[in-house]
Amino acid sequence: MPWGRIALAVLASGFVSSMTDWLFMGDWLYKRYDRHPEIWRYQGGQGENKAILWSSVLPFLTCGIFVLVCSGLHLHSYSGTLKLALAIWLIGPLPLMIANALWLKLVPAIATSFSLGWLVKLALAALAVTLILR
């Protein structure tokens, strides 16, 4: 396995996807977050530094596992990696977000944004595999 290229793919996709998380899960829908303030763990944003740190690290884990799976399965084509990304999204994040939106006080726009953020994150990891590991 080309460990240097794998590390580069993980770092590149993890960094870019963590930036897109800020767009899809943060600033874009900020005003809609306050409709149900009782669902948030940190009222008024106080004490959320630990959550921000972990939320910034987790995209690297997601992208790292995706890159390793693609490498292990010898998936290096655009169609193969993107199909895997779509399959993972349909298996995990999409149904989870739909179920959360049904049971929790999540505005549909936020649930949609979270779901699309996951699809973009997985697609970015797929593109990194194709462009860097090929």
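Structure first, text after, so check above.
Okay, so let's go over this structure. (Residues numbered from 1 in each chain as written. Predicted model: local features only at pLDDT ≥ 70, side-chain atom pairs only at ≥ 80, totals over all residues. Heavy atoms only, no water.)

## Quick word on the overall build of the chain
Thinking step 1. Scanning the chain from terminus to terminus reveals five helices and zero strands.
Thinking step 2. Secondary structure elements of the chain occur, N-terminal to C-terminal, as α-α-α-α-α.
Thinking step 3. The buried share of the chain, taken over its 134 residues, is 34%.
Thinking step 4. Roughly 8,400 Å² of accessible area belongs to the chain as shown, and the carbon and sulfur atoms make up 71% of that amount. (Helix = DSSP H or I, 4+ residues; strand = E, 2+ residues; numbered from the N terminus. Buried < 20%, exposed > 50% of the residue type's maximum accessible area, 1.4 Å probe, protein only. Areas by Shrake-Rupley, 256 points an atom, 1.4 Å probe, with all protein chains shown as cover.)

## A word on helix α2 (residues 49-72)
Thinking step 1. When the terminal C-alpha atoms of α2 are compared, their 35 Å separation across 24 residues agrees well with the 34 Å that a helix rising 1.5 Å per residue should span.
Thinking step 2. Where α2 ends, the next residue or the one after it, H74, has phi of about 60°, a positive value. (Expected span 1.5 Å × (residues − 1).)

## So, the packing of aromatic side chains
Given two aromatic rings, their pairing is described by the distance between the two centres and the angle made by the two planes.
Thinking step 1. Taken as a whole, this structure holds zero aromatic pairs when the rule is applied.
Thinking step 2. One residue, K121, lies across the ring of W118, its end atom 4.1 Å from the ring centre. (Phe/Tyr/Trp six-rings, centres within 6.5 Å; stacked < 30°, edge-to-face > 60°. Lys NZ or Arg CZ within 6 Å of the ring centre and 35° of its normal.)

## Looking at the nonpolar core
Thinking step 1. Membership of the largest hydrophobic core comes to 17 residues, with the highest contact counts inside it found for F66, V67 and V129.
Thinking step 2. Elements with a contribution of two residues or more to this core: α1 (3-25), α2, α3 (78-91) and α5 (108-133).
Thinking step 3. The greatest single-element share of this core, amounting to seven residues, is contributed by α5.
Thinking step 4. In this structure, M97, V107, I110 and A111 belong to the second largest nonpolar core, which totals six residues. (Core = buried A, V, L, I, M, F, W, Y, C linked by side-chain atoms within 4.5 Å.)

## Examining the packing of α2 against α5
Thinking step 1. At a minimum axis distance of 9 Å, the contact between α2 and α5 shows a crossing angle of 45°. As the angle between them shows, α2 and α5 are arranged oblique. The interaxial crossing formed by α2 with α5 has right-handed handedness. The residues of α5 that touch α2, namely those facing P59, T62, C63, F66, V67, C70 and S71, are W118, K121, L122, A125, A126, V129 and L133.
Thinking step 2. Class assignment of the residues belonging to the contact of α2 with α5 gives a composition of eleven nonpolar, two polar and one charged. (Axes fitted to C-alpha atoms, helices over the stretch in contact; angles between N-to-C directions. Parallel < 35°, antiparallel > 145°, perpendicular 65-115°, else oblique. Left-handed = near helix turned anticlockwise from the far one by under 90°. Contact = heavy atoms within 4.5 Å. Nonpolar A, V, L, I, M, F, W, Y, C, P; charged D, E, K, R; others polar.)

## Considering the packing of α3 against α5
Thinking step 1. Put simply, α3 and α5 touch, their axes get as near as 9 Å, and they point 155° apart. Comparing the axis directions of α3 and α5 gives the class roughly antiparallel. Between α3 and α5 the crossing geometry is right-handed. Taking contact as the criterion, the partners of Y78, T81, L82, A85, L86, I88 and W89 in α3 are, on α5, S115, W118, L119, L122, A123, A126, L127, V129, T130 and L131.

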